[in-house]
Each structure stands twice: as structure tokens, then as C-alpha cells.
Amino acid sequence: MDLFSRSWTALRTAVAELPDEDFARPSGCAGWLVRDLVCHLVIDAQDVLITLATPTDAEPTRDAVTYWEVADTPPTGDDPLDALIVRLAAAYEEPWLLKFHLDDVGSAAGRAAGLADPALRVGTRDVVLTAGDYLSAYVMEWTLHHLDLIAHLPGAADPPAESLAGARGMLERIAGAAFPASWSDKDTLLVGTGRRAPTAEERADLGDLAAKLPLVLG
């Protein structure tokens, strides 16, 4: 729960501190500008609120690691839902409106997460998991999207070190193998999820793990 709060607070703070002109810059998500990514974060925050308000008595079918499904190919931005986000983001017109909506809904999602019983069973995406596992899974979401947000913004602050470490640990469990110990947590996440291609040296460091990459999470 604490790591969820730290990663989410850091991401929302990063958005709040963006100058208006940065909203028109590309993000680390294929086909999305920064404004499109911020709009996606609004939807994410709504999903957190909806999920935490959707308790169930059913037995959990997933945990924080198995919540993630690994796709075969990276997103291209051509998916209809991705295109919808672009149109919705453009409708805001002014960056301050996106900032306001994210702060409004995002603050509520953060409060709901802090009040949630970690043992509460919740349903989302046709699966059941505890609220604790659900919020732990979202540490990965927030951390990766923080990296996406600052991908083309030199000087912008990285996600918190503990968020990077937590997301790396989860990615290694998803991969079923450890990434090279010499790699930073940030590089592990960028290369491991296909946000950056490995250098020749890094590919050699990966050994057999290279064949499993990228791990496209969805």
C-alpha cells in the first residue's frame, strides 16, 4: 500500500510540475503525446476507484504478478482504444484542465487505496484478486508510465528509487529470471518491457533471457 502511494504521488507530482509546452511533446508510449498519456492516467485512476468499489466473495484467481498478461508484440498506437485516448485528450484543449482532472480523480484514487483493506477481494478485467495484490500490481503501472512521461523530457525527475526497485522485482518474477545485477533498475525496466532496445553488450549480458524479451505487459 505504501509503495502504491509513493509511486502514484510521484507520478501525479511530475504531471503537475510540467510546463504547458511539454504536453505536446512525445511520450514513451507509441503514438501518444504527453497529453495523451496524462489522459490515460485519468482513466487509470478511475479504474482504481471502480475496482476498489467492486468487492466480491469469489476466490482470488490472480495475484500481483499474474495480474499482468504478456503480449507478443509492442503496442503501435493503432488500437481503437489508444486512438480514443488521443481524441479524448485533444478535447481537453488546455493542459490545466488535464492537470485538474488528474489531480481531482487521482487524489480520490489515492485516498481510496489508503483506506482499502489489503485482504478485500475485488474484481476487475474478469479476474479476482485481493486489494493488496491489485494495488501492488499498479506500482508497475505507475512506474512504467512515469518513465513514459519523462522519456523525452530531459531533466525531469525519475520515479522514486523504491518504486523502480519494486517494479524491477515484479518484472523479474514475471520473466521467471533475474536481470543482470549490474543493470540499474531503470535500464532493466526500459529494456525488459521493450521501451528501449538493448545494446550489443546488454544483449550479451542477458544470455538466454534475451530470447524472452521484450515483456509487453497489458
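Nothing here was measured: the structure is a model prediction, and the numbers come from that model. Position numbers for residues count from 1 along each chain, tracking the sequence in the order it is written. Local features in this predicted model are restricted to residues of pLDDT 70 or higher, and side-chain atom pairs are both shown and tallied only at a pLDDT of 80 or more, whereas totals for entire chains, interfaces and linings draw on every residue. Excluding hydrogens and water, the side-chain figures rest on all heavy atoms present in the structure.

Engineer: Is there a simple way to explain a negative patch on the surface in this structure?
Structural biologist: Patch construction takes residues with relative accessible area above 30% that form no salt bridge. Like charges are linked within 9 Å, and nonpolar side chains (Val, Leu, Ile, Met, Phe, Trp, Tyr) are linked within 5 Å. The Shrake-Rupley method, run with a 1.4 Å probe, gives the accessible areas here. Residue values count only the displayed protein chains as cover. Any Lys or Arg side-chain nitrogen located within 4 Å of an Asp or Glu carboxyl oxygen qualifies as a salt bridge. Under the convention used here, Asp and Glu are negative, Lys and Arg are positive, and both His and the chain ends fall outside the count. Each charge is placed at NZ for Lys, CZ for Arg, CG for Asp and CD for Glu. A contiguous patch of negative charge on the surface is contributed by Asp20, Glu21, Glu93 and Glu94. The helix and strand labels rest on DSSP assignments: H or I over at least four residues marks a helix, E over at least two residues marks a strand, and numbering proceeds from the N terminus. With respect to the element layout, Asp20 can be found in the loop between helix 1 (2-16) and helix 2 (34-52). Looking at Asp20, the relative accessible area reads 45%, which means it is partly exposed. Exposure classes here rest on a 1.4 Å probe applied to the protein chains alone. A residue is buried below 20% of its type maximum, exposed above 50%, and partly exposed in between.

Engineer: Is there a simple way to explain the layout of surface pockets in this structure?
Structural biologist: Regions of empty space are outlined by a rolling probe, equal in size to a water molecule, passed over the atoms. Here the largest pocket is characterised by a volume of approximately 1100 Å³. Surrounding the largest pocket, 34 residues form its lining, His40, Asp82, His145, Leu217 and Gly218 being those nearest its centre. Elements represented by at least two residues in the lining of the largest pocket include exactly helix 2, helix 3 (80-92), helix 5 (131-149) and strand 4 (216-217). For the lining of the largest pocket, the element with the most residues is helix 5, which contributes 7 residues. Approximately 170 Å³ is the volume found for the second largest pocket. Computed over the protein atoms alone on a 1 Å grid, cavities are sets of points where a 1.4 Å probe fits but cannot get out and pockets are open sets with protein on both sides within 12 Å along at least five of seven lines; a residue lines them when it has an atom within 4 Å of a point. Lining the second largest pocket are 14 residues, and of these Ala14, Glu17, Leu18, Ala156 and Ala157 lie nearest its centre. Going through the elements one at a time, helix 1 and helix 5 are the ones with two or more residues in the lining of the second largest pocket. Here the lining of the second largest pocket takes 3 residues from helix 1, the largest share from any one element. Grid points are joined across faces, edges and corners, and a volume is the space filled by probe spheres set on the points.

Engineer: Is there a simple way to think about helix 7 (residues 185-192) in this case?
Structural biologist: Side chains that are three or four residues apart share a direction in an α-helix, a result of its 3.6 residues per turn. Thr188, Leu189, Leu190, Val191 and Gly192 are the residues of helix 7 that are buried. Two residues qualify as a contact provided that any one of their heavy atoms is within 4.5 Å of a heavy atom in the partner residue. Buried residues along helix 7 sit against helix 5, helix 6 (161-175) and helix 8 (200-206). Looking one or two places after helix 7, you find Gly194, whose phi comes out positive at around 80 degrees.

Engineer: Sorry if this is basic, but what is going on with the environment of Ser7 here?
Structural biologist: Within the secondary structure, Ser7 sits in helix 1. Ser7 gets classed as buried once you look at its relative accessible area, which sits at 2%. As for Ser7 and Arg196, which are separated by 189 residues in sequence, their C-alpha atoms are 21 Å apart. Excluding anything up to four places from it in sequence, Ser7 contacts Val139, Trp142, Thr143 and Ser163.

Engineer: Hey, could you run me through the nonpolar core in this one?
Structural biologist: Soluble globular proteins tend to bury their nonpolar side chains together. Put simply, a nonpolar core is a bunch of buried Ala, Val, Leu, Ile, Met, Phe, Trp, Tyr and Cys residues held in one set by side-chain atoms that sit within 4.5 Å of each other. The biggest cluster of nonpolar side chains holds 63 residues, and the ones touching the most others in it are Phe4, Val48, Tyr134, Met140 and Leu149. Where this core is concerned, the elements lending two or more residues are helix 1, helix 2, helix 3, helix 4 (95-115), strand 3 (127-130), helix 5, helix 6 and helix 7. Counting residues per element, this core draws most heavily on helix 5, which supplies 11 residues. Setting aside its immediate chain neighbours within four residues, Met140 contacts Trp68, Ala167, Met170, Leu171, Ile174, Leu189 and Leu217.

Engineer: Looking at this model, I keep getting lost on the pattern of salt bridges. Mind explaining?
Structural biologist: Any two side chains of opposite charge can pair if their charged atoms end up close together. Applying the stated criterion across every chain, the model contains 12 salt bridges. Across the salt bridge formed by Arg195 and Asp148, the nearest N and O atoms sit 2.7 Å from each other. Of this pair, Arg195 sits in the loop between helix 7 and helix 8 while Asp148 is found in helix 5, placing the two residues 47 residues apart along the sequence. Under the relative-accessibility criterion, Arg195 is labelled partly exposed at 31%.

Engineer: Where do I start with the environment of Ala177 in this structure?
Structural biologist: Within the secondary structure, Ala177 sits in the loop between helix 6 and helix 7. Overall, Ala177 belongs to the partly exposed group, its relative accessible area being 27%. C-alpha separation for the pair Ala177 and Leu209, spaced 32 residues apart in sequence, amounts to 7.3 Å. Leave out the neighbours within four places in its chain, and Ala177 touches Glu172 and Leu209.

Engineer: Would you explain the packing of helix 1 against helix 5 in this entry?
Structural biologist: Packed helix pairs are specified by the crossing angle of their axes together with the interaxial distance, meaning the distance between the axes. Here, axes are lines fitted to C-alpha atoms. For helices the fit covers the stretch in contact, and angles between N-to-C directions go from 0 to 180 degrees. Taken N-terminus to C-terminus, the directions of helix 1 and helix 5 make an angle of 25 degrees; their axes are 9 Å apart at the nearest point. The orientation of helix 1 relative to helix 5 falls into the category roughly parallel. Crossing handedness for the pair helix 1 and helix 5: left-handed. Across the interface between the two elements, Leu3, Phe4, Ser7, Trp8, Ala10, Leu11, Ala14 and Val15 of helix 1 pack against Leu135, Tyr138, Val139, Trp142, Thr143, His145, His146 and Leu149 of helix 5. Only Asp, Glu, Lys and Arg are considered charged in this grouping, and only Ala, Val, Leu, Ile, Met, Phe, Trp, Tyr, Cys and Pro are considered nonpolar; every other residue, Gly among them, is considered polar. Counted by class, the contact of helix 1 with helix 5 contains 12 nonpolar, 4 polar and no charged residues. Between 65 and 115 degrees an angle is taken as roughly perpendicular, under 35 as roughly parallel, over 145 as roughly antiparallel, and anywhere else as oblique. Definitions for this section: a left-handed crossing has its near helix turned counterclockwise from the far helix by less than a right angle. A right-handed crossing has that turn clockwise.

These values are about where atoms sit, not about what they do.
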